[in-house]
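Coordinate inspection notes
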Amino acid sequence: AASDRYAALSVRADRAYRWQEWASAAAMYELMLDIRPDSAAVYEQAIVASAMIPDTVAAVDLLQRAMGHGIPLDGILDGVRSRSFAAGAPALYGRYLLSLRAAMPYMARALDHELLRYYTFRNDGPMMVHYSEIMLRGLPDSPEFLHSLAMGYLLSADYENACATWRRILTLDPADRTARLYLENYKKLSP
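Okay, so let's go over this structure. (Residues numbered from 1 in each chain as written. Predicted model: local features only at pLDDT ≥ 70, side-chain atom pairs only at ≥ 80, totals over all residues. Heavy atoms only, no water.)

Across all of its chains, the model carries 10 salt bridges by this definition. Notably, a salt bridge pairs Arg65 with Glu30, separated by 3.1 Å at the nearest N-O pair. Placement of Arg65 in helix 4 (residues 56–68) and of Glu30 in helix 2 (residues 22–35) is noted, with a sequence separation of 35 residues between them. In this structure Glu30 comes out as partly exposed when scored by relative accessible area, which is 26%. (Salt bridge = Lys/Arg side-chain N within 4 Å of Asp/Glu carboxyl O. Helix = DSSP H or I, 4+ residues; strand = E, 2+ residues; numbered from the N terminus. Buried < 20%, exposed > 50% of the residue type's maximum accessible area, 1.4 Å probe, protein only.)

Looking along the chain, the bond that leaves Ile53 and enters Pro54 is cis, with omega of -5°. With respect to the secondary-structure elements, Pro54 resides in the loop between helix 3 (40–52) and helix 4. Backbone geometry at Asn123 places phi at a positive 55°, although glycine is not the residue there.

Written as structure tokens, this is what we have:
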């Protein structure tokens, strides 16, 4: 009987989600999670539906419950990102990450890294600089974060700091081709 009820709820929830009836979808996903509290896909859809209402408290609670059932943070966030983009609301993902950051300060490092990935995808130079600097406080010689910082400066039209960052990368790793390529191109293009 429980599996029949779950299947019926699944059909109704997916229909509501598809038609962007977010409150109905969120309520049905909650009922589905009562039956199967370890379904990552249902948590992802429930989070997106709740965030679209917007009910950020429920969206944060859903992530905490998912992690309590052994579902890894990065798996849930990857699913929420792809589902929010598919729903035509990519900014929703950024707002969701910021609400998680405020509600779960003990997850700050992981969420800051995900925010950096999000703003890098969006080519948001100032935010890339901001989150790269946060991440570099913990790992000052990280090539990944230094490259993000340099690209953030480049996108923000701060060429001096971008070049200084690429030079720093080359002092840490003289064989870094990406930093060398950007520096050489900048030298050729600058007056």
